[in-house]
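# Observations on the model geometry
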Amino acid sequence: MLIVNDEHRIAAGIKSLSKRCPYCRKPLRAYPLILSDDAGFVVFHAACAAALAIEIQVDLYTFFCPPAPYHQFFVLTAQGAECNDEQGGTDAINRS
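A quick note: this is a predicted structure, and the numbers were derived from the prediction, not measured.

A separate point is the overall build of the chain. Summing up its helical and strand segments, the chain has 2 helices and 3 strands in all. Reading the chain from its N end, one meets helices and strands in the order β-α-β-β-α. A buried classification covers 15% of the 96 residues belonging to the chain. Here the contacts in the chain between residues at least 6 apart in sequence split such that 30% fall between residues at least 24 apart.

Take a look at the structure:
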């Protein structure tokens, strides 16, 4: 959630700006701020939230497309939905 003023901050349940950003550890003194959608209320500076999002994307890319000499652990594929006339279709469970 984007927080750009005191009204947004109060509506989001954030009592004050006395806490520190968990990314850069600097005080949350100025808007805009970003409230994470995790289970707890975590507030970031907007620039810190953007940097964190980019780091996560880079980590995911490196995980799924590692540089040489490393090999992929997982390969993601998009499979089209196939339909057949057999009982249970392609996702059937064989029961004995």
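All right, on to the state of the cysteines then. As enumerated under the stated definition, the model contains 0 disulfides in all. Here Cys21 is not disulfide-linked; the sulfur of Cys48 is the nearest cysteine sulfur, at 3.8 Å. Cys48 provides the cysteine sulfur closest to Cys24, a residue in no disulfide bond, and the two sulfurs are 3.7 Å apart.

Listed in full, the 11 residues of the largest apolar core are Ile3, Ala12, Ile14, Cys21, Leu28, Leu33, Leu35, Val43, Phe44, Cys48 and Ala49. Every element with two or more residues in this core is listed here: strand 2 (33-35), strand 3 (43-45) and helix 2 (46-64). When residues no more than four places from it in sequence are discounted, the contact partners of Leu33 are Met1, Leu2, Ile3, Leu17, Leu28, Val43, Phe44, His45 and Ala46.

Per the counting criterion, the structure on display carries 1 aromatic pair. Each ring, one from Phe63 and one from Phe64, has its centre 5.0 Å from the other, and the planes form 85 degrees; the classification is edge-to-face.

Next up on the list: the sheet that holds strand 3. Read from one edge of the open sheet, 3 strands run 1-2-3, paired in antiparallel fashion. Strand pairing shows two members of the sheet lacking a second neighbour, strand 1 (2-3) and strand 3, which therefore form its edges. As defined by bridge partners, strand 2 adjoins strand 3 across 3 bridges and the pair is classed as antiparallel. Looking across to strand 3, one finds that Ile34 is bridged to Phe44. The sheet contacts of helix 2 involve strand 2 and strand 3, and relative to strand 3 the element is tilted by about 95 degrees.

Our next topic: the side chain of His45. Tracing the backbone shows His45 in strand 3. The class of His45 is buried, set by a relative accessible area of 16%. Aside from chain neighbours lying at most four places away, what touches His45 is Cys21, Cys24, Lys26, Pro27, Leu28, Pro32 and Leu33.

A few words now on the pattern of salt bridges. Where charged atoms of side chains with opposite charge meet at close range, the side chains can pair. For the structure on display, the rule yields 1 salt bridge. Between Asp6 and Arg9 there is a salt bridge, with the nearest N and O atoms lying 3.3 Å from each other. Residue Asp6 and its partner Arg9 are both found in helix 1 (residues 6-11); the two are separated by 3 residues, about one turn of the helix. Classification of Arg9 as buried rests on a relative accessible area of 11%.

Parameters at a glance
- Residues numbered from 1 in each chain as written.
- Predicted model: local features only at pLDDT ≥ 70, side-chain atom pairs only at ≥ 80, totals over all residues.
- Heavy atoms only, no water.
- Helix = DSSP H or I, 4+ residues; strand = E, 2+ residues; numbered from the N terminus.
- Buried < 20%, exposed > 50% of the residue type's maximum accessible area, 1.4 Å probe, protein only.
- Contact = heavy atoms within 4.5 Å.
- Disulfide = S-S within 2.5 Å.
- Core = buried A, V, L, I, M, F, W, Y, C linked by side-chain atoms within 4.5 Å.
- Phe/Tyr/Trp six-rings, centres within 6.5 Å; stacked < 30°, edge-to-face > 60°.
- Pairing = 2+ DSSP bridges.
- Axes fitted to C-alpha atoms, helices over the stretch in contact; angles between N-to-C directions.
- Salt bridge = Lys/Arg side-chain N within 4 Å of Asp/Glu carboxyl O.

Scope: geometric values only; no functional claims are made or implied.
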